[in-house]
Amino acid sequence: MLESAPGAVAFDGTTSTVIIEDLEEMATHAQIFEALRSSALTPAQTLTFLRECLASLPESEKEPT
């Protein structure tokens, strides 16, 4: 069975909700989302990146533990 496209898509921003009803605009947003999702770091890569960032901070910038 072929799924039909939704009539509208809504998503919450930090200060408001955005509703998109235009199919071309929905396709553009889907392409942007997929590009961002596919270029995101894996969880393990994220941890490595954050550890490297923390290790490169000067001592004066680190909070005392």
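Rules of the game
Residues numbered from 1 in each chain as written. Predicted model: local features only at pLDDT ≥ 70, side-chain atom pairs only at ≥ 80, totals over all residues. Heavy atoms only, no water. Helix = DSSP H or I, 4+ residues; strand = E, 2+ residues; numbered from the N terminus. Buried < 20%, exposed > 50% of the residue type's maximum accessible area, 1.4 Å probe, protein only. Areas by Shrake-Rupley, 256 points an atom, 1.4 Å probe, with all protein chains shown as cover. Expected span 1.5 Å × (residues − 1). Polar contact = N/O pair within 3.5 Å; in protein donor to acceptor, adjacent residues only side chain to side chain. Pairing = 2+ DSSP bridges. Salt bridge = Lys/Arg side-chain N within 4 Å of Asp/Glu carboxyl O. Patch = residues over 30% accessible without salt bridge, like charges linked within 9 Å, V, L, I, M, F, W, Y side chains within 5 Å.

(A) Representation of the overall build of the protein chain in the model. Looking only at helices and strands, the protein chain features 2 helices and 2 strands. Along the protein chain, helices and strands appear, N-terminal first, in the series β-β-α-α. Evaluated residue by residue, the protein chain yields a buried proportion of 3% over its 65 residues. Looking at the protein chain as shown, the accessible area adds up to about 6100 Å², and 60% of this sits on carbon and sulfur atoms.

(B) Helix α1 (residues 23-39), seen in detail. Given a rise of 1.5 Å per residue, 17 residues ought to cover 24 Å, and the 24 Å separating the end C-alpha atoms of α1 matches this to within 8%. The backbone nitrogen of Glu24 lies 3.1 Å from a side-chain oxygen of the residue at the head of α1, namely Asp22.

(C) Expanded view of the pairing of strand β1 (residues 9-12). Looking at chain direction, β1 and strand β2 (residues 17-20) are connected through 4 bridges and run antiparallel. By the bridge assignment for β2, Ala10 is matched with Ile19. The hairpin turn running from β1 into β2, its antiparallel successor, is 4 residues long.

(D) How the structure looks around the pattern of salt bridges. With the rule as written, the count across this model stands at 1 salt bridge. Between Arg37 and Glu34 there is a salt bridge, and its shortest N-O distance comes to 2.5 Å. Note that Arg37 and Glu34 are positioned in helix α1 at a spacing of 3 residues, about one turn of the helix. A relative accessible area of 47% places Arg37 in the partly exposed class.

(E) Structural view of helix α2 (residues 43-56). Spanning 14 residues, α2 covers 20 Å between terminal C-alpha atoms, matching the ideal 20 Å at 1.5 Å per step. Within α2, only 0 of the 14 residues are buried, which leaves the element largely exposed.

(F) Representation of a nonpolar patch on the surface. Taken together, Val9, Phe11 and Val18 make up a surface patch of nonpolar side chains, about 200 Å² in accessible area. With respect to the secondary-structure elements, Phe11 resides in strand β1. The partly exposed category is assigned to Phe11, whose relative accessible area is 36%.

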